[in-house]
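Letter by letter, the chains look like this.
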Amino acid sequence: SYRLDLPERLKRRGVHPVFHSSYLRIHVPNDDRRFPGRLETQVAEFEDQVEREWAVDRVLSHKGTRGDADFEILWKSGDRTWLPYQQVKHLDALKDYFNIVG
């Protein structure tokens, strides 16, 4: 295990500074020309900004029914994630998806 010198903003969020060596990789800086929008501040927000909404491009698919459904979200950054209905029910992109699938 290694103790890392974390940035202050991560320390304030309670990120523990000790990591097992299997989780560590050599840092490769982002090439913003090839991968725009991949800023450090866009990565995994913690409890202090839970309500912050990232830009959703569209809903791609779903699995399950009614309140138990999960939706595959395509973010403007190009990432894809699955989120439960309770977290996406307010999105305009979900309304657009329902209009498309009927």
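Refer to the structure presented above.
Residues numbered from 1 in each chain as written. Predicted model: local features only at pLDDT ≥ 70, side-chain atom pairs only at ≥ 80, totals over all residues. Heavy atoms only, no water.

**Considerations on helix α3 (residues 92–101)**
Thought 1: Inspection of α3 places Ala-93, Leu-94 and Tyr-97 among the buried residues, and these make up the whole buried set. In an axial view of α3, the angular spread of the buried residues amounts to 100°, which keeps them on one side of the axis. Along α3, exposed side chains directed more than 90 degrees from the buried face belong to Asp-92 and Asn-99.
Thought 2: Packing partners of the buried residues in α3 comprise β3 (56–63), β4 (70–75) and α2 (85–88).
Thought 3: Looking one or two residues beyond α3, the residue adopting positive phi is Gly-102, at roughly 90°. (Buried < 20%, exposed > 50% of the residue type's maximum accessible area, 1.4 Å probe, protein only. Helix = DSSP H or I, 4+ residues; strand = E, 2+ residues; numbered from the N terminus. Arc of directions from axis to C-beta. Contact = heavy atoms within 4.5 Å.)

**What to know about the packing of aromatic side chains**
Thought 1: Evaluation of the coordinates by the stated rule reveals four aromatic pairs.
Thought 2: Taking the centre distance of 6.3 Å and the plane angle of 85° together, the rings of Phe-71 and Tyr-97 count as edge-to-face. Residue Phe-71 is found in strand β4, and its partner Tyr-97 is found in helix α3; the two are separated by 26 residues along the sequence. Side by side, Phe-71 and Tyr-97 carry an identical accessibility label, which is buried.
Thought 3: Their ring planes at 75° and their centres at 6.0 Å tell us that Phe-71 and Phe-98 sit as a pair that is edge-to-face. Residue Phe-71 is found in strand β4, and its partner Phe-98 is found in helix α3; the two are separated by 27 residues along the sequence.
Thought 4: Overall, Phe-71 belongs to the buried group, its relative accessible area being 2%.
Thought 5: Ring-pair connections join several aromatic residues into one group, and the members of that group are Phe-71, Tyr-85, Tyr-97 and Phe-98.
Thought 6: The ring of Trp-82 is capped by Lys-63, whose NZ or CZ atom sits 4.5 Å from the centre of that ring. (Phe/Tyr/Trp six-rings, centres within 6.5 Å; stacked < 30°, edge-to-face > 60°. Lys NZ or Arg CZ within 6 Å of the ring centre and 35° of its normal.)

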